[in-house]
Amino acid sequence: MKKILLFLSLLILSGSLFAQDIDIYQKRKNTNYKLPYLNPQMSLEEFQLLNRTLRLQDMLYAMVVPGYVHFKAKDPAVGWTMVALRMAGFGGLGYIYLKDDYTLKQLLSGNGEGLPDISEFKAQQKIAYYSVGLIFATYFFDWIHGKHRLDKKQEYIRYKYGIKLNIEAGEITTPELSGVYPIIGIQYHF
């Protein structure tokens, strides 16, 4: 059974290393050649955040690399927390594997009837449940919360430089004022 799981995981990993990403949506622009307007005050980190997207390929990477999405969203503190928590989950499974009293299948199915030391079985069963739950919880938290953080950061950057662009273009209007008002303005262009 272990050989089959090892073979399947190597097969999936080798396929994902050479495969292209799956696009569910149509790309309308080529970001490699189109040079966007850049505000001179925009930092490289803000530009990188605006150009990052999460795709199906990133979802697969997040399964293997704990905290991947948070690192991509430039949120390293949460990313390293995900690494530590997922390693704790793998540590619990490693403990169960090295203890070698019961199989993981026995522990997760709850089949402990007729065992001489039922309290040891229950303790290892809790460790197995918590470890598997922690691994899955860190993956889903990394994907969902990381995507939320990236979207919020991108939204903030677009808002920040959108206002500056409107101010520079002289297009600021207030929604509560209507009608025509006399304005004196001076513009100087190079």
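Above this text sits the structure in question.
Everything numeric here is computed off the predicted structure, so don't read it as measured data.

(A) Representation of the overall build of the protein in the model. A count of helices and strands for the protein gives seven helices and zero strands. Counted from the first residue to the last, the protein has its helices and strands arranged as α-α-α-α-α-α-α. When contacts within the protein are restricted to residue pairs at least 6 apart in sequence, long-range pairs at least 24 apart make up 60% of them. For the protein, the exposed surface amounts to about 14,800 Å²; the carbon and sulfur share of it is 65%.

(B) Molecular detail of the nonpolar core. Residues M42, L49, L54, A62, V69, A73, Y139, W143, L150, I157 and Y161 constitute the largest nonpolar core, which totals eleven residues. Broken down by element, the residue count for this core peaks at five residues, all from helix α7 (residues 118-169).

(C) Representation of the side chain of Q124 within the structure. Along the polypeptide, Q124 turns up in helix α7. A relative accessible area of 1% means that Q124 is categorised as buried.

(D) A look at the pattern of salt bridges. Scanning all chains against the criterion turns up five salt bridges. Taking the shortest distance from any N to any O, the salt bridge between R149 and D75 comes out at 3.1 Å. Within this pair, whereas R149 is found in helix α7, its partner D75 is found in the loop between α4 (68-72) and α5 (76-99), the two being separated by 74 residues in sequence. Owing to a relative accessible area of 10%, D75 belongs among the buried residues under this scheme. A salt bridge links E155 to K152, with the shortest nitrogen-to-oxygen separation between them at 3.8 Å. Placement of the pair is E155 and K152 together in helix α7, with a separation of three residues, close to one helical turn.

(E) Region of interest: α5. In this model, α5 (24 residues) spans 34 Å end to end at C-alpha, consistent with the 34 Å of a helix rising 1.5 Å per residue. Those residues of α5 lying buried are G79, M82, V83, R86, G89, G92 and I96. D100 sits one or two residues past α5 and shows a positive phi near 55 degrees.

(F) Here's a closer look at the packing of aromatic side chains. If you walk through the whole model with that rule in mind, you get three aromatic pairs. Note on F71 and W80: the rings are 5.2 Å apart at their centroids and 75 degrees apart in plane angle, and the pair reads as edge-to-face.

(G) Expanded view of a nonpolar patch on the surface. On the surface, L60, M63, V64 and V65 cluster together into a nonpolar patch covering about 350 Å² of accessible area. Residue classification places L60 among the partly exposed residues on the basis of a relative accessible area of 41%.

(H) Just unusual backbone geometry, in detail. A positive phi angle is found at K74, which is not glycine, with a value near 55 degrees. If you trace the backbone, K74 turns up in the loop between α4 and α5.

(I) Representation of the side chain of S131 within the structure. Structurally, the position occupied by S131 is in helix α7. Classification of S131 as buried rests on a relative accessible area of 5%.

(J) Local environment of the environment of F140. With respect to the helices and strands, the residue F140 is situated in helix α7. Considering only alpha carbons, one finds F140 and M59, 81 residues apart in sequence, at a separation of 9.7 Å.

(K) Up close: the environment of L49. Structurally, L49 can be placed in helix α2 (residues 44-50). Put simply, L49 and Q154 are 105 residues apart on the chain and 6.3 Å apart in space, counted from C-alpha to C-alpha. Here L49 is in contact with K72, A73, K74, L150, K153, Q154 and I157, once residues within four sequence places are set aside.

The rules we used
Residues numbered from 1 in each chain as written. Predicted model: local features only at pLDDT ≥ 70, side-chain atom pairs only at ≥ 80, totals over all residues. Heavy atoms only, no water. Helix = DSSP H or I, 4+ residues; strand = E, 2+ residues; numbered from the N terminus. Contact = heavy atoms within 4.5 Å. Areas by Shrake-Rupley, 256 points an atom, 1.4 Å probe, with all protein chains shown as cover. Core = buried A, V, L, I, M, F, W, Y, C linked by side-chain atoms within 4.5 Å. Buried < 20%, exposed > 50% of the residue type's maximum accessible area, 1.4 Å probe, protein only. Salt bridge = Lys/Arg side-chain N within 4 Å of Asp/Glu carboxyl O. Expected span 1.5 Å × (residues − 1). Phe/Tyr/Trp six-rings, centres within 6.5 Å; stacked < 30°, edge-to-face > 60°. Patch = residues over 30% accessible without salt bridge, like charges linked within 9 Å, V, L, I, M, F, W, Y side chains within 5 Å.

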